[in-house]
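Summary of the model geometry
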Amino acid sequence: MRTFSASDELRAAVAQARRQSLSVGFVPTMGALHAGHVSLVRRAREECGLVVVSIFVNPMQFAPGEDLARYPRKPEADAEVLASAGADVLYSPDAVRFYPAAFSTSVDVAVVSEGGEGAVRPGHFRGVATVLTKLFLQVAPDAAYFGRKDLQQVAVVRRLIEDLDFPIRLVVGDTVREPDGLALSSRNAFLPADARPRAAALSRALFAARDRARRGESDARALETDTRLALEAAGLGVDYVEAVDPATMERVDAARPGIALAAAVRIAGTRLIDNVVFDSERSRP
Ligand code: AMP
């Protein structure tokens, strides 16, 4: 695996792969890698000739007062994880070179960025869309790999790719979970041991809502309300529970297959997000 921090070196490596007619797969991350990230890298490895992974804790997507300074950073362990997952290139840009002092451009993906995480974290998706625009231009991949755990991010990226005509295939990977259901997240490391068991209540409540929908409950408001009550009863602070169309992130009234229930909670000073997508009894895995 080759590691670059300068964009011109990265571009040269991608150009060389292109001359060999290799397709390029790209997995953007913020590091502190876990099995969720690895599942995306392995998928890219299966599908592409050159696998580029970026690790960049993007300051622009953290609002003042958020956890930028304490976001976990594990460069050595991450490099080992990526090498054994089969990545070819690790791109770790330097924040000062990536955003020089005069940097003035931002990319706003309206509508899909506005509810959910966007409402609780103003400016977050502007930071996400801006960093991804730069990374997509630098890496110029054929395919980009994202996790469904970040449901709204996927919707924002889909619009960004379509609106700006990036010739990039968007690949969405399933959420990788701990045995008790907790979605893997770099932020899980912040959970104190005594709060950790309670964190599983988030996925448990979402799975319960999906089960009810499978049994015929189609009232999205009822599913939202009962999920919120279950989360509160487990001692979690609820930022939102919303049934949405995952393509547009618009709230919906009917919980039909393909609709997602997305939630964000606070537990012991840490924010966790998760979602389930409703399916039909017949399509159940
Ligand atoms: P992050 O490092 O948190 O920015 O995440 C990088 C990529 O990994 C994003 O596309 C995430 O959606 C994805 N990801 C994060 N957690 C998981 C998970 N538990 N399962 C699958 N993908 C994930």
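Conventions we followed
- Here the residue numbers are simple positions, counted from 1 along each chain's written sequence.
- Local features are withheld for residues below a pLDDT of 70 in this predicted model, meaning they are given only at 70 or higher, and side-chain atom pairs are given and counted only at 80 or more; totals for whole chains, interfaces and linings count all residues.
- The side-chain values count all of the structure's non-hydrogen atoms but skip hydrogen atoms and water molecules.
- Pairing between strands is defined by DSSP: at least two bridges between the two strands are required.
- Put simply, DSSP H or I for four residues or longer makes a helix, DSSP E for two residues or longer makes a strand, and each gets a number counted from the N terminus.
- Lines fitted to C-alpha atoms define the axes here, with helix axes fitted over just the stretch in contact, and angles between the N-to-C directions of these axes take values from 0 to 180 degrees.
- By definition, residues are in contact when any of their heavy atoms lie within 4.5 Å.
- Each domain's extent was defined by an automatic or database domain assignment.
- The term buried area means the drop in 1.4 Å probe accessible area that two parts suffer when joined, counted for both and summed.
- Salt bridges are counted wherever a side-chain nitrogen of Lys or Arg sits within 4 Å of a carboxyl oxygen of Asp or Glu.
- For the purposes of these results, a polar contact is taken to be a pair of N or O atoms within 3.5 Å, where, inside protein, one atom must be able to donate a hydrogen and its partner to accept one; residues adjacent in sequence count only when each atom of the pair is a side-chain atom.

All right, on to the sheet that holds strand S2 (residues 24–29) then. The strand order S1-S4-S3-S2-S5-S6 describes an open sheet built from 6 strands, whose pairing is parallel. Among the strands making up the open sheet, the edge pair consists of strand S1 (2–4) and strand S6 (169–173). Taken over all neighbouring pairs, the strand axes of this sheet differ in orientation by 25 degrees on average, direction set aside. Two strands pair when backbone bridges link them, and strand S3 (residues 50–55) and strand S4 (residues 89–91) are joined in this way by 3 bridges, in the parallel orientation. By the bridge assignment, Val52 is partnered in S4 with Val89. Where helix H1 (residues 7–19) meets the sheet, its contacts fall on S1, S2, S3 and S4, and the angle it forms with S1 comes to roughly 140 degrees.

This part is about the domain arrangement of the chain. We note that the domain assignment places domain 1 (2–173) and domain 2 (186–277) within the chain. The gap between the C-alpha centroids of domain 1 and domain 2 is 26 Å. Of the roughly 1,700 Å² buried between domain 1 and domain 2, counting both surfaces, carbon and sulfur atoms make up 55%. The largest contributions to the domain 1 side of the interface with domain 2 come from Arg70, Glu117 and Leu151, which together make up 31% of the buried area. There are 2 salt bridges connecting domain 1 and domain 2. When the shortest N-O distance is used, the salt bridge between Arg187 and Asp67 registers 2.7 Å. The tally of links between domain 1 and domain 2 comes to 8 residue pairs in polar contact (both at pLDDT 80 or more). At the level of secondary structure, the elements contributing two or more residues to the side of domain 1 that touches domain 2 comprise helix H5 (116–120) and helix H7 (151–163).

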